[in-house]
Amino acid sequence: MERHTVIANWKMHGNQAEGVALARGVRRLLGNRFPAVEVVLAPPFTSLETVRRAIKGSRLHLSAQNLHWQPQGAFTGEVGADMLRDAGCSHVIVGHSERRRLFGETNGDVGRKLAAALDASLKPVLCIGETLRERRDGRTRQTLSAQLSGALKGVSKSVKDCLILAYEPVWAIGTGTNAAPAQVMETHGWIRQALVRRFGAAQARHIPILYGGSVNPANASELAAVPEVDGVLVGGASLDHRSFVEIVNAFSGREA
Ligand code: PEP
């Protein structure tokens, strides 16, 4: 895999003016530097359009943070995949642990969302990860395995260049404690093998596996040095354009 991917998940932060300022800051600092890194911004729904305009003509990509699996209908408060394409999104985050934990999304829901995204030619960023309790109980692989099967069950067509995986241990998200590089290497290696079993080696090697969980400018370089890490999904640190671009920089120097 030649490229790395760094994604900013702004979660439920910022009004439109703040989103535009942040996007412009990233655009300005990034310029044409670090061309080997694919950089994606995921603002809240309400800022998609203004951020789309702010990054137009740049190398930045636009992502939504969630979608519904139905294209349209009586689903108050939901947004479908075609609507997101129409709003300029190329990517969509699916199965984030906050969606699973706070909004009750099941592995089945995540699978339906992922299929809807692929059907609409949106690139899903599939998030999987274990809780602290699951890790302590030695159930990390069991959890990840169930999340992968639930999400990928209905996926039959080629996923080469259409899918991004994000390993996000729940205990590392927003806690200030990132997973240790050795833990990340071990888990990413296991995920890669699970993808090989599911899709075959030729396709599996084209699925980037990102790490997410308290990534910041201070720990980005050591995570970027882990051979199995193809990029990162960044929450808190992506709300500051300088911190975010420093993280992008950390991923610019390594050929995977
Ligand atoms: C996330 O929301 O996906 C995330 C990784 O958050 P943070 O970087 O703040 O831990």
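Structural data are supplied above this passage.
Small disclaimer: the values here were computed from a predicted structure and weren't measured. (Residues numbered from 1 in each chain as written. Predicted model: local features only at pLDDT ≥ 70, side-chain atom pairs only at ≥ 80, totals over all residues. Heavy atoms only, no water.)

Asker: Let's hear about the overall build of the protein chain: which residues, and what values?
Answerer: Along the backbone of the protein chain there are eleven helices and eight strands. By the compact-globule yardstick of 18 Å for 256 residues, the protein chain fits well, its C-alpha radius of gyration being 17 Å. Across its three principal axes, the protein chain shows a C-alpha extent of roughly 45 × 45 × 35 Å. When each of the 256 residues of the protein chain is scored for burial, the buried share is 53%. (Helix = DSSP H or I, 4+ residues; strand = E, 2+ residues; numbered from the N terminus. Rg over C-alpha atoms; globule rule 2.2 N^0.38 Å. Buried < 20%, exposed > 50% of the residue type's maximum accessible area, 1.4 Å probe, protein only.)

Asker: Report on the packing of helix 1 (residues 16–30) against helix 11 (residues 241–250), specifying residues and quantitative values.
Answerer: Packing of helix 1 against helix 11 brings their axes to within 9 Å, and their N-to-C directions diverge by 40°. It follows from the interaxial angle that helix 1 and helix 11 lie oblique. Of the two elements, helix 1 crosses helix 11, and the hand of that crossing is right-handed. Seen from helix 1, the contacting residues are L22, G25, V26, R28, L29 and L30; seen from helix 11, they are H241, R242, F244, V245 and V248. A breakdown of the residues in the contact of helix 1 with helix 11 according to their chemical character gives seven nonpolar, two polar and two charged. (Axes fitted to C-alpha atoms, helices over the stretch in contact; angles between N-to-C directions. Parallel < 35°, antiparallel > 145°, perpendicular 65-115°, else oblique. Left-handed = near helix turned anticlockwise from the far one by under 90°. Contact = heavy atoms within 4.5 Å. Nonpolar A, V, L, I, M, F, W, Y, C, P; charged D, E, K, R; others polar.)

Asker: Tell me what's going on with the packing of aromatic side chains, and back it up with residues and numbers.
Answerer: Taken as a whole and judged by the stated rule, the model has one aromatic pair. When the ring centre of W69 is taken as reference, the NZ or CZ atom of R112 above it lies at 4.9 Å. (Phe/Tyr/Trp six-rings, centres within 6.5 Å; stacked < 30°, edge-to-face > 60°. Lys NZ or Arg CZ within 6 Å of the ring centre and 35° of its normal.)

Asker: Which residues make up helix 5 (residues 107–119), and what are the values?
Answerer: Given a rise of 1.5 Å per residue, 13 residues ought to cover 18 Å, and the 18 Å separating the end C-alpha atoms of helix 5 matches this to within 8%. Turning to helix 5, its buried residues are D109, V110, G111, K113, L114, A116, A117 and L118. Contact partners of the buried residues in helix 5: helix 3 (81–86), strand 4 (91–94), helix 4 (97–103), strand 5 (123–128) and helix 7 (140–152). (Expected span 1.5 Å × (residues − 1).)

Asker: I'd love a proper account of the pairing of strand 2 (residues 37–42), names of residues and values included.
Answerer: Regular strands have side chains that alternate between both faces of the sheet. In terms of residue burial, strand 2 counts as a mostly covered element, since six of its six residues are buried. Side-chain alternation along strand 2 places V37, V39 and L41 on one buried face and E38, V40 and A42 on a second face that is also buried. Bridge count between strand 1 (residues 4–9) and strand 2: six bridges; the pairing is parallel. Across the sheet, H4 pairs through a bridge with V37, a residue of strand 2. Viewed along the sheet, the connection from strand 1 through helix 1 into strand 2 turns out right-handed. In this sheet, strand 3 (residues 61–64) lies alongside strand 2 in parallel orientation, the contact comprising two bridges. Bridge assignment links V40 to a residue of strand 3, and that residue is H61. Of the crossover connections in this fold, the one passing from strand 2 over helix 2 (residues 48–55) to the parallel strand 3 is right-handed. (Pairing = 2+ DSSP bridges. Right-handed = clockwise from strand over helix to strand, strands pointing away.)

Asker: Outline the environment of N107, listing residues and values.
Answerer: Along the polypeptide, N107 turns up in helix 5. Remark: the alpha-carbon pair of N107 and V196, spanning 89 residues in sequence, is separated by 20 Å. Setting aside residues up to four positions removed in sequence, N107 forms contacts with R100, A146, Q147, G150 and A151. A polar contact of 2.7 Å, which involves the side chain of N107, links it to the side chain of R100. (Polar contact = N/O pair within 3.5 Å; in protein donor to acceptor, adjacent residues only side chain to side chain.)

Asker: With reference to specific residues and values, describe the sheet that holds strand 7 (residues 209–212).
Answerer: Taken in spatial order, the eight strands of this closed barrel run 1-2-3-4-5-6-7-8, and their pairing is parallel. Across the sheet, the axes of successive neighbouring strands diverge by a mean angle of 25°, strand direction being ignored. Relative to strand 7, strand 6 (residues 164–167) runs parallel, the two being bridged by three bridges. Paired with A166 across the bridge in strand 7 is L210. Those strands touched by helix 7 are strand 5 and strand 6, and its axis lies near 155° from that of strand 5. Sheet contacts for helix 8 (residues 181–199): strand 5, strand 6 and strand 7; angle to strand 7, the most-contacted strand, approximately 145°.

Function-wise, these values are silent; they only describe arrangement.
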